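Chain and residue survey
Single-letter residue listing:
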Amino acid sequence: MNTPSQTLRVVFTFSALACSVVLMLFVRGRAEWTDAFWLQLAAASVALCAAGCYVAFRNGGLRLEAVPLGRFILVFLRQLAIVYIASGVAVTAIALAVIYAITRSGPNALALAVLAGLWLSLWLAPGIASITTWRRLRGAGAGERQPRA
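Heads up: these notes are all about the structure in this document.

Rules of the game
Residues numbered from 1 in each chain as written. Predicted model: local features only at pLDDT ≥ 70, side-chain atom pairs only at ≥ 80, totals over all residues. Heavy atoms only, no water. Helix = DSSP H or I, 4+ residues; strand = E, 2+ residues; numbered from the N terminus. Expected span 1.5 Å × (residues − 1). Buried < 20%, exposed > 50% of the residue type's maximum accessible area, 1.4 Å probe, protein only. Contact = heavy atoms within 4.5 Å. 1 Å grid on protein atoms, 1.4 Å probe; cavity = no way out; pocket = protein on both sides within 12 Å on 5 of 7 lines; lining within 4 Å. Points joined across faces, edges and corners; volume = space filled by probe spheres on them. Nonpolar A, V, L, I, M, F, W, Y, C, P; charged D, E, K, R; others polar. Axes fitted to C-alpha atoms, helices over the stretch in contact; angles between N-to-C directions. Left-handed = near helix turned anticlockwise from the far one by under 90°. Core = buried A, V, L, I, M, F, W, Y, C linked by side-chain atoms within 4.5 Å. Phe/Tyr/Trp six-rings, centres within 6.5 Å; stacked < 30°, edge-to-face > 60°.

A word on helix 2 (residues 35-57)
- With 23 residues, helix 2 extends 32 Å from end C-alpha to end C-alpha; this agrees with the ideal 33 Å at 1.5 Å per step.
- Along helix 2, the residues that are buried comprise Phe 37, Leu 41, Ser 45, Cys 49, Cys 53 and Ala 56.
- In this structure, the buried residues of helix 2 make contact with helix 1 (7-28).

Side note on the layout of surface pockets
- Of the pockets and cavities examined, the largest pocket occupies roughly 530 Å³.
- Looking at the lining of the largest pocket element by element, the count peaks at six residues for helix 3 (residues 69-103).
- Taken together, the residues of the lining of the largest pocket sort by class into 15 nonpolar, no polar and no charged.

Observations concerning the packing of helix 1 against helix 4 (residues 106-137)
- With their axes 8 Å apart at the nearest point, helix 1 and helix 4 run at an angle of 145° to one another. The handedness of the crossing between helix 1 and helix 4 is left-handed. Packed against helix 1, whose contacting residues are Leu 8, Val 11, Phe 12, Ser 15, Ala 18, Cys 19 and Val 22, the element helix 4 presents Trp 119, Leu 120, Trp 123, Leu 124, Pro 126, Gly 127, Ser 130, Ile 131, Thr 133 and Trp 134 at the interface.
- Tallied by class, the residues present in the contact of helix 1 with helix 4 amount to 13 nonpolar, four polar and no charged.

Quick word on the nonpolar core
- Formed by 17 residues in total, the largest nonpolar core has its most connected members in Leu 8, Phe 12, Leu 62, Leu 64, Phe 72 and Leu 137.
- Broken down by secondary-structure element, the contributors of at least two residues to this core are helix 1, helix 2, helix 3 and helix 4.
- What Leu 8 contacts, discounting residues up to four positions off in sequence, is Leu 62, Leu 64, Phe 72, Phe 76, Ser 130, Thr 133 and Trp 134.

With respect to unusual backbone geometry
- Even without being glycine, Asn 59 reaches a positive phi, approximately 55°.
- For Asn 59, the location among the structural elements is in the loop between helix 2 and helix 3.
- Even without being glycine, Ala 66 reaches a positive phi, approximately 55°.
- Within the secondary structure layout, Ala 66 lies in the loop between helix 2 and helix 3.
- According to the relative accessible area criterion, Ala 66 is partly exposed, its value standing at 41%.

Focus: the packing of aromatic side chains
- Within this structure, the stated rule accounts for six aromatic pairs.
- On the numbers, 5.1 Å between centres and 70° between planes, the contact of Trp 33 with Trp 38 is edge-to-face.
- The class for Trp 33 is exposed, based on a relative accessible area of 54%.
- Among the residues examined, Trp 38 registers a relative accessible area of 36% and is labelled partly exposed.

If you want it as structure tokens, here you go:
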């Protein structure tokens with residue numbers, strides 16, 4: 001059984017939408033939470049997500065063809081774990097630097113940074129893992145091993 005061809009596109013879209021909502025809340029989060037705010041947040045998030053999807057999907061991007069389901073699952077889960085760990089470390093380091101510069105409290109900054117790194121990476125990692133999985137599997141067909149790019 002082969003993997004459905006649009007699987008990575010669906011995963012990427014949901015990840016991009018979640019990340020765009022988080023970004024819009026970060027940018028506009030201090031505004032008064034009225035109905036207009038939520039409509040603007042939704043519109044901006046969808047527009048940002050659509051732009052990201054357009055870039056990722058053009059010229060057949062993130063579309064799988066004839067990739068066995070077992071191979072897809074193994075590659076995607078491996079990429080997801082690697083990307084989650086890497087993005088978690090990167091986001092934690094950036095958050096630690098920013099929060100420590102503001103609060104000058106090491107323990108509080110570290111706690112908030114670890115929480116931010118672990119939480120934000122949950123939304124970011126599936127989208128990036130979709131891209132890295134597609135790069136590894138594109139053209140793989142019936143389980144043929146492709147050289148690393």
